[in-house]
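# Geometric and topological summary
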Amino acid sequence: MKKITVLGSTGSIGISTLSIVKKNPSLFKVIVLVANKNFSIMLQQCEFFSPDWVVMKNKKSADILRKRLKDKKIKTEVLSGNKAICEIASLKEVDLVISAIVGMAGLLPTLSAINAGKTILLANKESLITCGIIFMKALASNKAKIFPIDSEHNAIFQVLPKFVQENLGTVNLKKNGIKSIILTASGGPFFNFKKKDLSFITPLEACSHPNWSMGRKISIDSATMINKGFEYAEARWLFNASSSEIDIVIHPQSIIHSMVEYIDGSVLAQLAVPDMKVAISYAMSWPNRISSGANFLNFNKLSNLTFFKPDFIQFPCLKLAIDAFSQGQSAMIVLNAVNEVTVSAFLNSKISFNKISEINTDILMSSSFSEPVSIEEVLEIDKKTRIKSQKKISSLIN
């Protein structure tokens, strides 16, 4: 039985993970649950899974949860704060750590788990794209393992040779018969829109993805397609891939989750319904497979599978992320930070949808930092960029 920690248990990835545990109670035991402030969902999770520990980032939420657990005579220990989250992420008795905290908030807890030599199921791509060198070195030096649970990267992972699976980020793709990795993208809810129409998009419309049920932040990133640019960066690190070894194609149906092209002309693709439980269950049970609870594909109802080249003019954030990766680590930190700020501003109706890409571009182009060599330097670049981004948005509003 594998003992697990879920960082971000009340979010969509965390909820999907726990549904898999619920379906396979003999294979997994929940030891730790971590969330921000949603104590009502956390209470339900504690009632069902009885974890040893819970950490809420928000102290007030932790206090409320602690009282309600006591009233229900549930003996789960409740802690609060960022420091506690990082400490609990390295808990000795845990086998798997699901890293699903959204944004840069997931960086330090994920690194804490890596430094403890854990097996990481990575959904928090920000922790990899903002400090890839540090991240990959920490994996190697602590003999930790990483399994991707983004649907695209997990799809690639599923069709790679086992030797490459076991040595992610360190092996040469061509020496293992791989010509290229093909990342698929749905195109988001505005794939068929004209660029001039995007200024009038509302947060509700942007969060309404045609295929996937996701959190608000990643839904907006999908709508701008910056998420695919970040996934490109993540794939470069995870699979030790060069720019010539990765391609991106728009696939609106989200049935093929990604592909690997081999040097003999074969292309292996992973197909499934758009459900994150497929990717998560594979990573949790690797190298085996278990029931995920997802629906099965009905090929009789699939009318067509289509593919298109991405339009960088319509979706400038995609090209911005790809270019930022080639510029270096500091550029990726800046872009990730400003994007978190602009997405939040859009969700709070402070800026229009088109302003996300405009501000992201402006802040990235006007920033210049040395390449970071420590986590402290990564966090400092992130902090300064957020301050600069907030000032930019304030100047547009006032």
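It should be emphasised that the depicted structure is a prediction, and the values quoted were computed from it without experimental measurement. (Residues numbered from 1 in each chain as written. Predicted model: local features only at pLDDT ≥ 70, side-chain atom pairs only at ≥ 80, totals over all residues. Heavy atoms only, no water.)

## Side note on the packing of aromatic side chains
Geometry of an aromatic ring pair is reported as the spacing of the ring centres plus the angle between the planes. Inspection of the entire model under this criterion finds ten aromatic pairs. With centroids separated by 5.4 Å and ring planes inclined at 45 degrees, the aromatic side chains of Phe-147 and Phe-157 adopt a geometry described as tilted. Of the two residues, Phe-147 is situated in strand S7 (residues 145-148) and Phe-157 in helix H8 (residues 151-158); the sequence distance between them amounts to ten residues. Here Phe-147 falls in the buried class, since its relative accessible area comes to 6%. Seen from their ring centres, Trp-237 and Phe-325 are 6.0 Å apart, and the 70 degrees between their planes marks the pair as edge-to-face. Placement of the pair is Trp-237 in helix H12 (residues 226-238) and Phe-325 in helix H14 (residues 316-327), with a sequence separation of 88 residues. Taking relative accessible area as the criterion, Phe-325 reaches 15% and is therefore assigned buried. Ring pairing ties together the aromatic residues Phe-147, Phe-157, Tyr-282 and Trp-286, which thus form one cluster. (Phe/Tyr/Trp six-rings, centres within 6.5 Å; stacked < 30°, edge-to-face > 60°. Helix = DSSP H or I, 4+ residues; strand = E, 2+ residues; numbered from the N terminus. Buried < 20%, exposed > 50% of the residue type's maximum accessible area, 1.4 Å probe, protein only.)

## Let's talk about the environment of Ser-222
Looking at the element boundaries, Ser-222 is found in helix H11 (residues 216-224). C-alpha separation for the pair Ser-222 and Ser-186, spaced 36 residues apart in sequence, amounts to 8.4 Å. When residues no more than four places from it in sequence are discounted, the contact partners of Ser-222 are Ser-186, Gly-188, His-209, Met-214 and Asn-227. (Contact = heavy atoms within 4.5 Å.)

## A closer look at the packing of helix H5 (residues 107-115) against helix H7 (residues 132-141)
When two helices pack together, their arrangement is captured by the angle between the axes and the distance separating the axes. For the pair H5 and H7, interaxial distance at closest approach is 8 Å and the crossing angle is 25 degrees. Judged by the angle between their axes, H5 and H7 are roughly parallel. Across the interface between the two elements, Thr-110, Leu-111, Ile-114 and Asn-115 of H5 pack against Phe-135, Ala-138 and Leu-139 of H7. For the contact of H5 with H7, the class distribution of residues is five nonpolar, two polar and no charged. (Axes fitted to C-alpha atoms, helices over the stretch in contact; angles between N-to-C directions. Parallel < 35°, antiparallel > 145°, perpendicular 65-115°, else oblique. Nonpolar A, V, L, I, M, F, W, Y, C, P; charged D, E, K, R; others polar.)

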